[in-house]
Amino acid sequence: MQKSNIKGTLVRWKDDKGFGFIQAEPELDRDVFIHASTLSHMSRRPKEGDIIYFQLERKSDGKFNAVEAYIDGVECKSEEDTNSKAKKGLRSQQRDTINSEKRANQSQSQTRGILYRIGIMMLVLAGASFAYNRVVGSSGVANDSFELSQSSIIAADNTPSSISNTGVNAISKAYQNRLNGVQVSSSGTVVKLLDDDNEGSRHQRFILRLSNEQTLLVAHNIDLAPRIDTIALGDTVEFNGQYEFNSKGGVIHWTHDDPQGKHVSGWLKHNGQIYH
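## A word on the pattern of salt bridges
This model, assessed by the stated rule, comprises eleven salt bridges. Its salt-bridge partner being K59, residue E57 comes within 3.2 Å of it at the nearest N-O pair. In this structure, R227 and D196 form a salt bridge, with 2.9 Å as the shortest nitrogen-oxygen distance. Of this pair, R227 sits in the loop between β8 (215-221) and β9 (236-244) while D196 sits in the loop between β6 (180-193) and β7 (203-209), and the two are 31 residues apart along the sequence. Residue R227 is classed as partly exposed on the basis of its relative accessible area of 34%. Connected via shared salt-bridge partners are R12, D31 and D197.

In structure tokens form, the structure reads like this:
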């Protein structure tokens, strides 16, 4: 297949509705709309972070549509796959029966594996408890010191805290290796405020510069989380979200709770207030 003359990153995709939006490279004044039918010839459904090659169609209202598109690195469906659908339908009942038996066997195996891991964890915890009691009994270390240490660990795991260079290094590595779907935490300085994207799900957009001079576009879903109305140039914003690669440094999204509970919850922190 010959490549189209425009490249972009699929920054938003609503699989249940069958459409999404592409951020073109170089960036246009608005994201490009793409419908699932445009990619029906691909061997899998599109997902956020995919690199899309497409041709641009401008509507009379000024909006952009992607046509003649394909997903970079994903194979197209072959004619053989299409012709084999009828044969597959004839064998579907037998295959369903076999799959049901396999799932039952896998479920039993997984249950045994879970019980085995629980047993190992209980033995480890029992050993740790025994060792701790011996240390406390022999050295006279106070219980409140141990409880304070535990509280510190819990706070670090569940609440936004001071951000180290570890997050910046992870983002830099994700950018260098063109990775997508990486959960990251860090902070940056607001260097540009963009207009809200009100097509589909509404997103507040702004650009951060990290301590290593890398820039990130933050796409914060304001249909699912509060908007940061007080944000201004030069402000510091901490974030926890999902990194998606693009040539300008990357995009951070999923900076909010997932209503369905299937995705890691993210957040933004500005002037001491957390938005999620």
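## Details of the layout of surface pockets
Estimated volume of the largest pocket: approximately 840 Å³. Those elements that provide at least two residues to the lining of the largest pocket are β1 (6-14), β2 (19-25), β8 and β10 (251-253). Considering each element in turn, the lining of the largest pocket owes the most residues, four residues, to β1. Residues that form the lining of the largest pocket fall into these classes: nine nonpolar, ten polar and ten charged.

## Describing the pairing of β9
Counting buried positions along β9 yields eight of nine residues, so the element is predominantly enclosed. As defined by bridge partners, β6 adjoins β9 across nine bridges and the pair is classed as antiparallel. Following the sheet pairing, V184 is matched in β9 by G241. One ladder, built from four bridges, connects β9 with strand β11 (residues 267-270); its direction is antiparallel. Note on β11: the bridge partner recorded for E238 is K269. When β9 meets β10, the two strands line up antiparallel, connected through three bridges. Paired with Q242 across the two strands is H253, which belongs to β10. In textbook terms, the turn of a hairpin is the stretch between consecutive antiparallel strands, and for β9 and β10 this stretch comprises six residues, one of which, G249, has a positive phi near 130°.

## Here's the deal with the packing of aromatic side chains
Applying the stated criterion across every chain yields a total of five aromatic pairs. When the centroid spacing of 5.8 Å and the interplanar angle of 75° are considered together, the rings of F21 and F33 count as edge-to-face. In this pair, F21 sits in strand β2 while F33 sits in strand β3 (residues 32-35), placing the two residues twelve residues apart along the sequence. On the basis of relative accessibility, which here comes to 5%, the residue F21 falls in the buried class. The exposure class of F33 is partly exposed, given its relative accessible area of 26%. Measuring from ring centre to ring centre gives 5.5 Å for Y53 and Y70, while their planes differ by 20°; the resulting arrangement is stacked. One end of the pair, Y53, is in strand β4 (residues 51-58); the other, Y70, is in strand β5 (residues 64-71), with 17 residues separating them in the sequence.

## Regarding the side chain of H203
Mapping H203 onto the fold places it in strand β7. Among the residues examined, H203 registers a relative accessible area of 7% and is labelled buried. Among the polar contacts listed, one links the side chain of H203 to the backbone oxygen of S201, at a separation of 2.9 Å. For H203, the contacting residues outside a window of four places in its chain are R12, D196, D197, A219, H220, N221 and I222.

## What about the nonpolar core?
Judged by nonpolar contacts, the single largest core of 20 residues is most densely connected at I22, I34, L39, I52 and F54. Of all the secondary-structure elements, those providing two or more residues to this core are β1, β2, β3, β4 and β5. Considering every element that reaches this core, the biggest residue donor is β5, with five residues. Among the nonpolar cores identified, the runner-up in size contains 18 residues, and V190, L210, F239 and L268 belong to it.

What counts and what doesn't
- Residue positions are given per chain, counting from 1 as you read along its sequence in written order.
- A pLDDT threshold of at least 70 governs which residues receive local features in this predicted model, and a stricter bar of 80 or more applies before side-chain atom pairs are shown or counted, although totals over entire chains, interfaces and linings include all residues.
- The basis for every side-chain value is the complete set of non-hydrogen atoms in the structure, without hydrogens or water.
- Criterion for a salt bridge: a side-chain nitrogen of Lys or Arg within 4 Å of a carboxyl oxygen of Asp or Glu.
- The secondary structure listing takes helices from DSSP runs of H or I that are at least 4 residues long and strands from runs of E that are at least 2 residues long, numbered from the N terminus.
- Each residue is assigned to one of three classes by its accessible area relative to the maximum for its type, calculated with a 1.4 Å probe on protein chains only: buried under 20%, partly exposed between the two thresholds, exposed over 50%.
- Two kinds of site are reported from a 1 Å grid over the protein atoms alone, namely cavities, where a 1.4 Å probe fits but cannot get out, and pockets, open sets with protein on both sides within 12 Å along at least five of seven lines, and residues are called lining when an atom falls within 4 Å of a point.
- Grid points are joined across faces, edges and corners, and a volume is the space filled by probe spheres set on the points.
- Any residue that is not Ala, Val, Leu, Ile, Met, Phe, Trp, Tyr, Cys, Pro, Asp, Glu, Lys or Arg is counted as polar, Gly included; the first ten are nonpolar and the last four charged.
- For two strands to pair, DSSP has to find at least two bridges joining them.
- Two rings from Phe, Tyr or Trp (for Trp, the six-membered ring) form a pair when their centres are within 6.5 Å of each other. A pair whose planes differ by under 30 degrees is stacked, one over 60 is edge-to-face, and the rest are tilted.
- Nitrogen and oxygen atoms within 3.5 Å of one another constitute a polar contact, given that in protein one can donate a hydrogen and the other can accept it, and given that sequence-neighbouring residues count only through two side-chain atoms.
- Here a residue-residue contact requires only that any non-hydrogen atoms of the pair lie within 4.5 Å.
- In this text, buried Ala, Val, Leu, Ile, Met, Phe, Trp, Tyr and Cys residues form a nonpolar core when linked through side-chain atoms within 4.5 Å.

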